[in-house]
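Chains, contacts and geometry: an overview
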Amino acid sequence: MRKLTQMIISLLLLIGLMVSSLESQAHNRSQSFSDWAITNDGTEAVFTAKSREITRLQTLTNQPLDALFSDHLIDTVSVYQGDLPCSNSDSATSLPSALGYVRISLDFDCDPSLGDISININSFFSAASSHVHYANVAFDGQQSRQYLFTDKQRQHGISLLVTSSNRWFASVRQFVSLGIDHIFGGLDHIAFLAALILLLRRFKDLVWIITGFTFGHSVTLYLTVMGWVIPDLPVVEATIGFTIALVAAENIGTLTGYHRYITYILASGLVLMGLLNLMFGIGLTTLSLLGLILLTFAYLPLSVTKTAVADLRPLVTIGFGLIHGFGFASALTEIGLPDAQLWPALLGFNVGIELGQLFIVASLWLVIKQMSRLTPIINSRLAIDLCSALLCGLGFYWFVGRSYGII
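Here we summarise the structure given alongside this text.

**Some remarks on a nonpolar patch on the surface**
Residues Val271, Leu272, Leu275, Leu278, Met279, Phe280 and Ile282 make up a contiguous nonpolar surface patch of about 730 Å² in total accessible area. Here Ile282 shows up in the loop between helix H8 (259-280) and helix H9 (286-299). The exposure class assigned to Ile282 is partly exposed, which follows from its relative accessible area of 39%.

Right, dumping it as structure tokens:
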């Protein structure tokens, strides 16, 4: 019980170190925004992007950013009414903007009386496939609606006659898709789930694992999106890599009985990183590394047997889920959601995360169970050792690379 208490205290300390002040560094996700006003007189769209985003489009010529952005929008943005394109009534117009941003206005000749329209936005995707465009669309004084454009979803149909409930469900649906894309595109989250279930044999243990992880990441996802906590994202991303390495190392220690040696090896690596920070001021802070050292010494000695692992992991997944939830939230908060979009975004994104997570866990579980049935053919112990070693190395690679901004 004393060791378990030490582990919980260490984990809470580590999570506390991830929460920073308002001046915390932001994630540099590629994104842009637009506000659309559809009236009987036509359609106007005002596009906004950070100057550093527009430099992605820079060629060998030193073209001014507003001109570069204008030309790019004219080439990549189109509006259709049925099968007919709405013509660009004027050339793109540069508008006043805040420091570090560029704003461009486009006008399209669309007649709402002729039916619904569709918006096609292909901007920036050729330069950054992970780019997210956030469009706020208002029609003739009605409450605005929000749409997400991604590399996989570059077109949205805009129904000019739609109820508020349909708008709400449409918003939820597109954020469900974004959540699914995020979990399947997050190899680190998949690796963590794989490390968690490698040693499990009972289905009820799997259920507890999923429940704990879901509860943990849902809490911090909610707190971050609501703006009640502001995580230090570089620390969070690095620590996600460490959680993978730690759980995979626990698997190896449980099977081999070498918990003590593994603990000393991991702690030695953290101490070395702490010395580099003290001498050269690079990487994670010494205080953050100290939190990871305390967690390592408190956590690994608890998992002596497979039974102990199964009993401990539901609690562990809640704590580690809190850390991963900060990472999930970064993909959502950086879109710049307005208040009206907050709840459908939060609900839809979390549902998408859960659907993707359930599919991944179910697939991994079936593979593991199949391996256990083929024991005469495949040495399942060797397979688990190799998978755990691979995951441990991958997690530590992410941890070190993210700590020093290399990856």
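**Focus on the nonpolar core**
Counting residues in each nonpolar core, the largest one holds 71 residues, and the members touching the most others are Leu221, Leu246, Tyr299, Phe320, Leu332, Phe349 and Phe399. It is helix H7 (residues 233-256) that contributes the most residues to this core, 12 residues altogether. Setting aside its immediate chain neighbours within four residues, Phe349 contacts Phe175, Val176, Leu178, Gly179, His182, Leu221, Phe328, Ala331 and Leu332.

**Looking at the pairing of strand E8 (residues 132-139)**
Of all the eight residues making up E8, seven are buried; the element is thus mostly covered by neighbouring parts of the structure. As paired elements, strand E1 (residues 31-39) and E8 share eight bridges and run parallel to each other. Following the sheet pairing, Ser32 is matched in E8 by His133. Here E8 runs beside strand E9 (residues 145-149); their pairing, made up of five bridges, is antiparallel. Residue pairing across strands places Asn136 opposite Gln146, the latter belonging to E9.

**Comments concerning the sheet that holds E8**
Here we have six strands laid out as an open sheet, ordered E5-E6-E2-E1-E8-E9, and mixed in their pairing. The sheet is open, and its two borders are formed by strand E5 (93-95) and E9, each paired with just one other strand. Shown here is a sheet whose adjacent strand axes are inclined to one another by a mean of 25°, direction ignored. Where E5 lies against strand E6 (residues 101-108), three bridges are found, and the strand directions are antiparallel. For Ser94, the partnering residue across the bridge sits in E6 and is Ile104. The strands that helix H3 (residues 65-76) touches are strand E2 (42-50), E5 and E6; relative to E6, the one it contacts most, it runs at about 35°.

**Brief notes about the sheet that holds strand E4 (residues 84-85)**
In spatial order, the strands read E4-E3-E7-E10; together these four strands make up an open sheet with antiparallel pairing. Both outer strands of the open sheet, E4 and strand E10 (155-158), are each paired with one neighbouring strand and no more. Of the strand pairs in this sheet, strand E3 (residues 77-81) and E4 are connected by two bridges, and their pairing is antiparallel. Paired with Gln81 across the two strands is Leu84, which belongs to E4. Against the sheet, H3 contacts E3 and strand E7 (117-121), and its axis sits at roughly 35° relative to E3.

**Looking at the packing of H7 against H8**
In helix packing, the relevant descriptors are the interaxial angle and the interaxial distance, both defined with respect to the helix axes. Between H7 and H8, the least distance of the axes is 9 Å, while the angle of their chain directions is 155°. Taken together, the axis directions place H7 and H8 in an arrangement best described as roughly antiparallel. Here H7 and H8 pass one another in a crossing that is right-handed. Here Phe242, Leu246, Ala249, Glu250, Ile252, Gly253 and Thr254 of H7 come into contact with H8, specifically with His259, Ile262, Leu266 and Leu270. Grouping the constituent residues of the contact of H7 with H8 by class yields seven nonpolar, three polar and one charged.

**Concerning the pattern of salt bridges**
Tallied over the full model, the rule gives five salt bridges. Among the ionic pairs, Asp188 bridges to Arg402, the shortest N-O distance being 3.0 Å. One end of the pair, Asp188, is in helix H5 (residues 187-197); the other, Arg402, is in helix H12 (residues 380-403), with 214 residues separating them in the sequence. A relative accessible area of 6% places Asp188 in the buried class. The salt bridge involving Arg402 is made with Glu237; its shortest N-O contact spans 3.7 Å. With Arg402 in helix H12 and Glu237 in helix H7, this pair connects stretches of sequence that are 165 residues apart. The exposure classification of Arg402 matches that of Glu237, with both residues buried. By sharing partners, the salt bridges in this structure join Asp188, Glu237 and Arg402 into a single network.

**Re the state of the cysteines**
On inspection of all chains with the given rule, the structure shows one disulfide. Each disulfide pairs two cysteine sulfurs, and for Cys86 the partner residue is Cys110, the sulfurs being separated by 2.1 Å. Between Cys86 and Cys110 the disulfide shows an S-S torsion of about 125°. By sign, it is right-handed. Here Cys86 is found in the loop between E4 and E5, whereas its partner Cys110 is found in the loop between E6 and E7, with 24 residues between them in sequence. Both residues of the pair, Cys86 and Cys110, belong to the buried class.

**A few points about the environment of Ala389**
Assignment of secondary structure puts Ala389 in helix H12. Look at Ala389 and you get partly exposed, because its relative accessible area is 39%. For the pair Ala389 and Ala248, spaced 141 residues apart in the sequence, the C-alpha separation amounts to 6.8 Å.

The rules behind the values
Residues numbered from 1 in each chain as written. Predicted model: local features only at pLDDT ≥ 70, side-chain atom pairs only at ≥ 80, totals over all residues. Heavy atoms only, no water. Patch = residues over 30% accessible without salt bridge, like charges linked within 9 Å, V, L, I, M, F, W, Y side chains within 5 Å. Areas by Shrake-Rupley, 256 points an atom, 1.4 Å probe, with all protein chains shown as cover. Salt bridge = Lys/Arg side-chain N within 4 Å of Asp/Glu carboxyl O. Helix = DSSP H or I, 4+ residues; strand = E, 2+ residues; numbered from the N terminus. Buried < 20%, exposed > 50% of the residue type's maximum accessible area, 1.4 Å probe, protein only. Core = buried A, V, L, I, M, F, W, Y, C linked by side-chain atoms within 4.5 Å. Contact = heavy atoms within 4.5 Å. Pairing = 2+ DSSP bridges. Axes fitted to C-alpha atoms, helices over the stretch in contact; angles between N-to-C directions. Parallel < 35°, antiparallel > 145°, perpendicular 65-115°, else oblique. Left-handed = near helix turned anticlockwise from the far one by under 90°. Nonpolar A, V, L, I, M, F, W, Y, C, P; charged D, E, K, R; others polar. Disulfide = S-S within 2.5 Å.

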